[in-house]
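Here is what each chain is made of, one letter per residue.
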Amino acid sequence: MSLDVSPELLETAERGDVDDAAFVDCIRTSLPYAWEMISGLVARLQVDGGEFADNQTPPPDEQARGQLLRVLASDAMRDTLERYFGVKLAFQNCHRVAVFPAAGAKGETYRRFVTPRAQILNQSPELRDC
């Protein structure tokens, strides 16, 4: 299961739409490693500026790796986090998460980051099984 959904949140979803704040809180508490990774990158982008901020350190274990994969593979979670933080998320391998300012998602740096060439160049033997 990807998320730890409280009975109250499930009831809300059964009645209709779930607001972003409730869904973000569910993501934050269910996937703490992924939350810390993404929120830390957003903070770094805000403080340091630049075209993007990224992580190049593999997760410490399979549980953490799984959290990143779940949050970034889900359109609902990814879209909600992008709206919440005001960024565009990009992902390579099992760990290279990058955050771009939302306006930068149309820029050359983002387009280069998400190309097949960039994906291939970001490969290494030690990450083959991630």
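Right, let's walk through the structure included here.

Rules used throughout
- Residues numbered from 1 in each chain as written.
- Predicted model: local features only at pLDDT ≥ 70, side-chain atom pairs only at ≥ 80, totals over all residues.
- Heavy atoms only, no water.
- Helix = DSSP H or I, 4+ residues; strand = E, 2+ residues; numbered from the N terminus.
- Buried < 20%, exposed > 50% of the residue type's maximum accessible area, 1.4 Å probe, protein only.
- Polar contact = N/O pair within 3.5 Å; in protein donor to acceptor, adjacent residues only side chain to side chain.
- Contact = heavy atoms within 4.5 Å.
- Pairing = 2+ DSSP bridges.
- Axes fitted to C-alpha atoms, helices over the stretch in contact; angles between N-to-C directions.
- Phe/Tyr/Trp six-rings, centres within 6.5 Å; stacked < 30°, edge-to-face > 60°.

Thoughts on the side chain of S30
Here's step 1: Among the secondary structure elements, S30 is positioned in helix α2 (residues 20–30).
Here's step 2: Residue classification places S30 among the buried positions, given a relative accessible area of 10%.
Here's step 3: Reaching out from S30, the side chain makes a polar contact with the backbone oxygen of C26 at a distance of 2.7 Å.
Here's step 4: Those residues in contact with S30 that lie beyond four places of it in its chain are S2, L3 and D4.

Some points on helix α5 (residues 75–85)
Residue pairs spaced three or four apart in an α-helix point in one direction, given the helix's 3.6 residues per turn.
Here's step 1: Along α5, the residues that are buried comprise M77, R78, T80, L81, E82 and F85.
Here's step 2: Where α5 is buried, its residues contact α2, α3 (32–48), α4 (62–73) and β2 (87–92).
Here's step 3: Immediately beyond the C-terminal end of α5, within one or two residues, lies G86, with a positive phi of roughly 70 degrees.

Quick look at the sheet that holds strand β3 (residues 96–101)
Here's step 1: In space, the three strands of this open sheet follow the order β1-β3-β2, with antiparallel pairing throughout. With partners counted over all chains shown, the strands left at the sheet margins are β1 (53–54) and β2, one partner each.
Here's step 2: Where β1 and β3 come together, two bridges link them in antiparallel fashion. Bridging across to β3, D54 finds its partner in A98.
Here's step 3: Packed on one face of the sheet, α3 meets β1, β2 and β3 and runs near 45 degrees to β3.

Considerations on the packing of aromatic side chains
Here's step 1: The final tally for this structure, using the stated rule, is four aromatic pairs.
Here's step 2: A centroid spacing of 5.3 Å and a plane angle of 40 degrees characterise the contact between W35 and F85, whose relative ring orientation is tilted. Highlighted residues: W35 in helix α3 and F85 in helix α5, separated in sequence by 50 residues.
Here's step 3: The class for W35 is buried, based on a relative accessible area of 11%.
Here's step 4: On the accessibility criterion, F85 (17% relative accessible area) is buried.
Here's step 5: Centre to centre, the rings of Y84 and F85 are 4.9 Å apart; their planes meet at 80 degrees, and the pair counts as edge-to-face.
Here's step 6: Classification of Y84 by relative accessible area gives partly exposed; the value is 48%.
Here's step 7: Grouped by ring-pair contacts, the aromatic residues W35, Y84 and F85 constitute a single cluster.

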